[in-house]
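# Structure at a glance
Single-letter residue listing:
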Amino acid sequence: MAYKIVVENCTVCSACELECPNAAISFETDTLVIAPELCTECKGTYDTPQCAQICPVPYTCIPACGRAGRAIAGRQGWRAARLPVLQVPRAPGQGPVRA
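Residues numbered from 1 in each chain as written. Predicted model: local features only at pLDDT ≥ 70, side-chain atom pairs only at ≥ 80, totals over all residues. Heavy atoms only, no water.

### Quick look at the overall build of the chain
Tallying secondary structure elements over the chain gives three helices and six strands in all. For the chain, the N- to C-terminal ordering of α and β elements is β-α-β-β-α-β-α-β-β. Going through the 99 residues of the chain one by one, you find that 30% of them count as buried. Within the chain, residue pairs in contact and separated by at least 24 positions form 49% of the contacts whose partners lie at least 6 positions apart. (Helix = DSSP H or I, 4+ residues; strand = E, 2+ residues; numbered from the N terminus. Buried < 20%, exposed > 50% of the residue type's maximum accessible area, 1.4 Å probe, protein only. Contact = heavy atoms within 4.5 Å.)

### Quick word on the nonpolar core
Counting residues in each nonpolar core, the largest one holds 13 residues, and the members touching the most others are Ile5, Ile25, Ile34 and Cys51. Broken down by secondary-structure element, the contributors of at least two residues to this core are strand E1 (3-5) and strand E3 (31-34). Apart from the residues lying within four places of it in its own chain, the contact partners of Ile25 are Ile5, Cys16, Glu17, Cys20, Leu32, Val33, Ile34 and Cys51. (Core = buried A, V, L, I, M, F, W, Y, C linked by side-chain atoms within 4.5 Å.)

### Quick look at the confidence of the model for the chain
The pLDDT averaged across the chain works out to 79; a share of 66% of its residues lies at or above 70. Across the chain, helix H2 (residues 50-54) holds the top mean pLDDT of 96, while helix H3 (residues 74-82) sits lowest at 44. Note on residues 68-87: pLDDT is under 50 here. Beyond four places in sequence and across chains, it has 32 contacts. (pLDDT = per-residue confidence, 0-100.)

### As for the side chain of Glu41
Relative to the elements of secondary structure, Glu41 occurs in the loop between E3 and H2. With relative accessibility at 10%, the residue Glu41 sits in the buried group. When sequence neighbours within four positions are dropped, the list of residues in contact with Glu41 reads Met1, Ala2, Tyr3, Thr48 and Pro49.

### Quick look at the pattern of salt bridges
Counted according to the given criterion, the structure contains one salt bridge. For Lys43, the salt bridge identified is with Glu41, shortest N-O distance 3.7 Å. (Salt bridge = Lys/Arg side-chain N within 4 Å of Asp/Glu carboxyl O.)

### Description of the environment of Ala2
Mapped onto the secondary structure, Ala2 falls in the segment before E1. Among all residues touching Ala2, those that are not within four sequence positions of it are Pro36, Cys39, Glu41, Pro63 and Ala64.

### A word on empty space enclosed by the protein
By the definition in use, this model includes two cavities of 30 Å³ or more. By volume, the largest cavity is sized at about 90 Å³. Along its surface, the largest cavity is lined by Tyr3, Cys20, Asn22, Ile25, Ile34, Cys39, Thr40, Glu41, Cys42, Pro49, Gln50 and Cys51. Of the residues assigned to the lining of the largest cavity, the class counts are eight nonpolar, three polar and one charged. (1 Å grid on protein atoms, 1.4 Å probe; cavity = no way out; pocket = protein on both sides within 12 Å on 5 of 7 lines; lining within 4 Å. Points joined across faces, edges and corners; volume = space filled by probe spheres on them. Nonpolar A, V, L, I, M, F, W, Y, C, P; charged D, E, K, R; others polar.)

Structure below.
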């Protein structure tokens, strides 16, 4: 299995490209992509995938099957998934507010 980069979360800092031991990450069409045929998840070289370790934005380098980020879609998605819902008094008919 390979990793993939969630384009909506990627800041194109290139930290993962420099860290990848298999040169599986490259810059294409204004973003970074992981070539699945080259990605080994760093097995045999490191204990954890280095792209996910070095990336400054959580949930950007995730398993291609999506198991770690199945419900997370886009930059706003990962933030919303991690923030609690706060009950704030509001006008009738309006729902809760996310902090």
